[in-house]
Protein chains: 4
Amino acid sequence: MDKEEKNIGWKQRLHEIIYEADTPMGKWFDILLIILILFSVLLIMLESVKSIDAEYHNTLLILEWIVTILFTIEYFARIICIKKPTRYIFSFYGIVDFLSTIPLYLSYILAGSQVLLAVRAFRLLRVFRILKLVQFLGEASQLKSALKASRAKITVFLFAVLILSVMLGTLMYIVEGDEAGFTSIPTSIYWTIVTLTTVGYGDIAPITPQGQLIATIIMLLGYGIIAVPTGIVTVEFGKRSKKGSGDESVEHFVHVNTQACPVCAKEGHRDDATHCYNCGSILNE
Amino acid sequence: MDKEEKNIGWKQRLHEIIYEADTPMGKWFDILLIILILFSVLLIMLESVKSIDAEYHNTLLILEWIVTILFTIEYFARIICIKKPTRYIFSFYGIVDFLSTIPLYLSYILAGSQVLLAVRAFRLLRVFRILKLVQFLGEASQLKSALKASRAKITVFLFAVLILSVMLGTLMYIVEGDEAGFTSIPTSIYWTIVTLTTVGYGDIAPITPQGQLIATIIMLLGYGIIAVPTGIVTVEFGKRSKKGSGDESVEHFVHVNTQACPVCAKEGHRDDATHCYNCGSILNE
Amino acid sequence: MDKEEKNIGWKQRLHEIIYEADTPMGKWFDILLIILILFSVLLIMLESVKSIDAEYHNTLLILEWIVTILFTIEYFARIICIKKPTRYIFSFYGIVDFLSTIPLYLSYILAGSQVLLAVRAFRLLRVFRILKLVQFLGEASQLKSALKASRAKITVFLFAVLILSVMLGTLMYIVEGDEAGFTSIPTSIYWTIVTLTTVGYGDIAPITPQGQLIATIIMLLGYGIIAVPTGIVTVEFGKRSKKGSGDESVEHFVHVNTQACPVCAKEGHRDDATHCYNCGSILNE
Amino acid sequence: MDKEEKNIGWKQRLHEIIYEADTPMGKWFDILLIILILFSVLLIMLESVKSIDAEYHNTLLILEWIVTILFTIEYFARIICIKKPTRYIFSFYGIVDFLSTIPLYLSYILAGSQVLLAVRAFRLLRVFRILKLVQFLGEASQLKSALKASRAKITVFLFAVLILSVMLGTLMYIVEGDEAGFTSIPTSIYWTIVTLTTVGYGDIAPITPQGQLIATIIMLLGYGIIAVPTGIVTVEFGKRSKKGSGDESVEHFVHVNTQACPVCAKEGHRDDATHCYNCGSILNE
């Protein structure tokens, strides 16, 4: 029983280090992990540059193996120190961790899976988890909450833009011929969105007067249309900004810490919480 | 008389299904129609891709015939079950329905009307009608009302932008020669709008120092000018957003249902309406 | 003296027709003039298209002569019916009128002044004067007043953007070589503004990794910088919008009519004005 | 002691002229310096244009020498008339002054330092110092304070955009091949930022249907994302604009003059200040 308790104590400490950022050790672990992730993404980038890869192929491969092994250890440590491992394995970040660790192993088993190696760049997603420390800072949470509130309006807006693009793209396909690059309706729709969003690559451009006239109208439309998401988001920011200073706030912000439930790994517990709000397990102090 | 009544009852039920979305049948009809429209637009897109059309020409043609026949049946059903068919036929959506159904038939009668086939993409406009369910949601109606209120200001603004573009375009035509692509004043105006709206294809670009200087000024102008529609729309959104929460609202929103008048096909009746607000006919419950 | 009075009466009526838009005749004159100006600008555009000019050169020349003669008559009529002609001749619009009428005559006297013909497009500026009817509408005047109030801030902003562009342009000139198109510092500055304003022609684009890195930073800067004029203008619009509805307005708007002083041609008199606010002359009723 | 005092008086007067802009002499010095800086930047630009440099190389070199000598004199004068020269020498503007004066001398000592000559363009930074007169104007200080307040939010935003760009860039590298120009992950990331910021050079553009589909999504994302910095800045401007007119202001603005501390060269002293707020030295009246 004493040994059992000790065992639990060891797992609990590991859990605190890996999943949380309250303790000094936990903070150091997170900082090291961020550095490791950024370093591994740099490796992936350098590998993709032919001239660098040609010269330093072996060095890069060895470094990549070191990083991958460290990530593998971390992955298993995460599984071991949690009480319900399946909760972690099938959670969003559990899958991200798995997918960003496996490609190097797969590249030896499967032929043609070299392309999978680039998938490792999605390791960057893991940075967002580690940024628990930042995530709950006022700035990021205000941004997120404003964007969330704008979501419905922006969806309606994007939907209307898409229908408009399909119709204008078809019109341009009829008006302009193959010579100008409008070879099919999907290509024309692609061009329409390139124009509406004011990106304007110029790989496809109208050459007939009537095509240029329609293009002009699309551009002016895009000019006006860009005002819509800006307007929506600005108003939401404005609201949040006022709420912060007044006392008429509708949403309440409570201070959450970086603790994760040792059973189900849910995060975002209140500072004064003693039980997980998701599964009711007792939280470590 | 009994038979007559039964007949009316049959038409009334069909009317409810096709024109409205209160009943389960009416909702299913709308969902099926949206799927059919999106499927038919997909067909049109695939047809326009040469490589796909070359291989699956016959399959695509057969599917297109099935879709067209279904739309034809729907078109006649709409005419039959309404009391004043001319109201529907000459309404905006009546014309859209007609124009998006006829091209396939015409392509056999008229030579060279192949181009008309692309007109079928305008079937997408029909999606907006079916979105009766969405159209009256707060989000879309707020967006629409804000854009409507901005219309006058944006028109004045676009008018000024157009006059400016004509003058700057002419100036660039004088400064730059044919070599840079400024072959005529209309082309120069096209380039000016491409630049002012920050699209910037690069198919035409100034090459002389003085031309590049003027281009620079046009770009900075465009940079400032883009602020105007954004400012207008943002302020309108802000007003609407405040109205919603305060009690000083000027516009009143009533709940409208998806019923359509069986006589004149007008939509947007209040929930408690018993007569059509347009022609006074008694509405179906 | 009777004859004199009659003479003055004749001039006064002409003045009312040409300079003002209160009377039915005055309105008709303005509408006709706008049509004539737009028509003449269309002529200039068509002339610049080589294929059209080749075929219809004579027709276009004759029409241009008719328009020029009408403008010449109007120019002299404007001088005759005003009491102090020099005020008109050296006013902004007096010079515009002169410059947009003279080129066709000059093209026969001076060789190589063909290019001057395009100057005629500046006739469009005259449309703004005629739009007296529109100019004082709430929409345009609100836009103008908001832009005027933003002027100082936007000037400071543009000044900072220009200094930034010169420095970033020089940096790119050092980093990128001639091969990428950065042939001189002015060209590099041109490219920097093309990038900062998100126009992006692509006629010049960085090819070295370090150049692309700096370009990336410039783009993200431009992304943030575009927020500044938008923010400035939006806030000004917002102020104006609130003023309109509240009673805490600082600026007072009085209704002005389209009368012009018969002596000094100043416009924008109050409806109840009996004397010109500029020179004190008695205004026509 | 009398002589000493006179000596101090002489230095004090020089200090007033060079570092401050209260006295007529000080103002004239600043205006002359701005003209000299702008002139020298113009020289650098002209030198970089090959055709101009070929023809006027000697004239430009002589003028450059004159400017450099004047700047050298100014640099030493700044050191002499300040009580603690090291404070100036290692201050930001001290380093800028040094770096923008030294290149011409270095170009004779070191081979290959010709490129350093372009560094002289950073002289433009000095304009900002001289603009003490403008810097404290309400406009510029409001702009600066709004941008400062937005800094935290914009940093979070840029951070998220960068992570997004790396992941989307990697995705495009996998989807598109070398033919389209996506030769490495860094290049793909460059392309992603070019697209997200709606710059769109078109030097690299997707050619496969799936690549164009992802590009379309990136563009629409960029369209929405551009709303975020605009929203942030607009709200900050709005706050500042309200503060100015209301009495609920949190920040207090005091009138500062253009005096600089004769000992530590700190600027921004209150009009009624008698001691430097940084080092406590007595300020010249």
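Cut-offs and rules
- Residues numbered from 1 in each chain as written.
- Chains lettered and ligands numbered in written order.
- Predicted model: local features only at pLDDT ≥ 70, side-chain atom pairs only at ≥ 80, totals over all residues.
- Heavy atoms only, no water.
- UniProt positions renumbered as here; feature names shortened; annotations may be inferred.
- Least-squares fit on C-alpha atoms with pLDDT ≥ 70 in both.
- Contact = heavy atoms within 4.5 Å.
- Buried area = accessible area lost by both parts, 1.4 Å probe.
- Salt bridge = Lys/Arg side-chain N within 4 Å of Asp/Glu carboxyl O.
- Polar contact = N/O pair within 3.5 Å; in protein donor to acceptor, adjacent residues only side chain to side chain.
- Axes fitted to C-alpha atoms, helices over the stretch in contact; angles between N-to-C directions.
- Helix = DSSP H or I, 4+ residues; strand = E, 2+ residues; numbered from the N terminus.
- Parallel < 35°, antiparallel > 145°, perpendicular 65-115°, else oblique.
- Nonpolar A, V, L, I, M, F, W, Y, C, P; charged D, E, K, R; others polar.
- Phe/Tyr/Trp six-rings, centres within 6.5 Å; stacked < 30°, edge-to-face > 60°.
- Buried < 20%, exposed > 50% of the residue type's maximum accessible area, 1.4 Å probe, protein only.
- Lys NZ or Arg CZ within 6 Å of the ring centre and 35° of its normal.
- Patch = residues over 30% accessible without salt bridge, like charges linked within 9 Å, V, L, I, M, F, W, Y side chains within 5 Å.
- Areas by Shrake-Rupley, 256 points an atom, 1.4 Å probe, with all protein chains shown as cover.
- pLDDT = per-residue confidence, 0-100.

The name an unreviewed UniProt entry gives chain A is Ion transporter, with Maribacter cobaltidurans as the organism. Per UniProt, chain A carries the Subcellular location (unreviewed entry) text "Membrane".

## Notes on the relation of the copies chain D and chain B
For the pair chain D and chain B, the superposition axis carries a translation of 0.0 Å, the fit reaches an RMSD of 0.1 Å, and the rotation angle comes to 180 degrees. A rotation of that kind, with that shift, is consistent with a two-fold axis. Comparing contact sets, 100% of the residues at the interface of chain D also lie at the interface in chain B, consistent with an isologous, same-surface contact.

## Examining the interface of chain D and chain B
Taken together, the contacts link four residues of chain D with four residues of chain B. In this assembly, chain D packs against chain B so that about 170 Å² is buried in total across both faces, 30% of it on carbon and sulfur atoms. Applying the counting criterion to the chain D and chain B interface returns zero salt bridges. Put simply, chain D and chain B have zero residue pairs in polar contact (both at pLDDT 80 or more) between them.

## Brief notes about the packing of helix α10 (residues 185-196) of chain B against helix α11 (residues 209-225) of chain B
Residues and elements named next belong to chain B. Closest axis-to-axis distance for the α10/α11 pair is 8 Å, and the angle between their directions is 50 degrees. Viewed along their axes, α10 and α11 adopt a mutual orientation that is oblique. Between α10 and α11, the residues in contact are Trp-191, Thr-192, Thr-195 and Leu-196 and Ala-215, Ile-218, Met-219, Leu-221, Gly-222 and Ile-225, respectively. Classifying every residue of the contact of α10 with α11 gives seven nonpolar, three polar and no charged.

## Section: the packing of aromatic side chains
With the rule as written, the count across this model stands at 36 aromatic pairs over all chains. Look at Trp65(A) and Tyr108(A): their rings are 5.8 Å apart centre to centre, the planes differ by 45 degrees, and that puts the pair in the tilted class. With Trp65(A) in helix α3 (residues 50-80) and Tyr108(A) in helix α6 (residues 103-109), this residue pair connects regions lying 43 residues apart in the sequence. The class for Trp65(A) is partly exposed, based on a relative accessible area of 25%. A residue is classified by how much of its surface remains accessible, and Tyr108(A), at 52% relative accessible area, is exposed. Summarising the aromatic geometry, the rings of Phe92(D) and Tyr93(D) are spaced 5.2 Å apart at their centres and angled 65 degrees between planes, so their arrangement reads as edge-to-face. Its relative accessible area of 53% is what places Phe92(D) among the exposed residues. Residue placement shows Arg126(D) over the ring face of Phe71(D); its charged tip is 5.0 Å from the ring centre.

## As for a nonpolar patch on the surface
All names here are of chain A. On the surface, Ile-62, Ile-66, Ile-69, Leu-70 and Ile-73 cluster together into a nonpolar patch covering about 460 Å² of accessible area. In this fold, Ile-73 is placed in helix α3. The exposure class assigned to Ile-73 is exposed, which follows from its relative accessible area of 53%.

## Digging into the environment of Ile44(D)
Within the secondary structure, Ile44(D) sits in helix α2 (residues 24-48). For Ile44(D), a relative accessible area of 4% corresponds to the buried category. Put simply, Ile44(D) and Leu60(D) are 16 residues apart on the chain and 8.7 Å apart in space, counted from C-alpha to C-alpha. Every residue in contact with Ile44(D), bar those within four places of it in the chain, is listed here: Ile185(C), Arg120(D), Ala121(D) and Arg123(D).

## A short note on the side chain of Ser40(D)
All names here are of chain D. Tracing the backbone through its elements, the reader meets Ser-40 in helix α2. Residue classification places Ser-40 among the buried positions, given a relative accessible area of 0%. Side-chain polar atoms of Ser-40 contact the side chain of Arg-123, separated by 3.1 Å. If sequence neighbours within four positions are ignored, Ser-40 has contacts with Glu-64, Val-67, Phe-71 and Arg-123.

## Re the relation of the copies chain A and chain D
Least-squares fitting of chain A to chain D yields an RMSD of 0.1 Å, with the superposition described by an axial translation of 0.1 Å and a rotation of 90 degrees. Overall, the copies show the geometry of a four-fold rotation axis. When the interface residues of chain A are mapped onto chain D, a mere 19% of them are again interface residues, pointing to distinct binding faces.

## Describing the confidence of the model for chain A
All names here are of chain A. Taken residue by residue, chain A gives an average pLDDT of 79. The fraction at 70 or more is 78%. No element of chain A has a lower mean pLDDT than helix α8 (residues 132-135), at 51, and none a higher one than helix α10 (residues 185-196), at 92. The model gives residues 244-255 a pLDDT under 50, and that stretch makes ten contacts with residues more than four places away or in other chains. Quick note on the complex model: pTM equals 0.81, ipTM equals 0.79.

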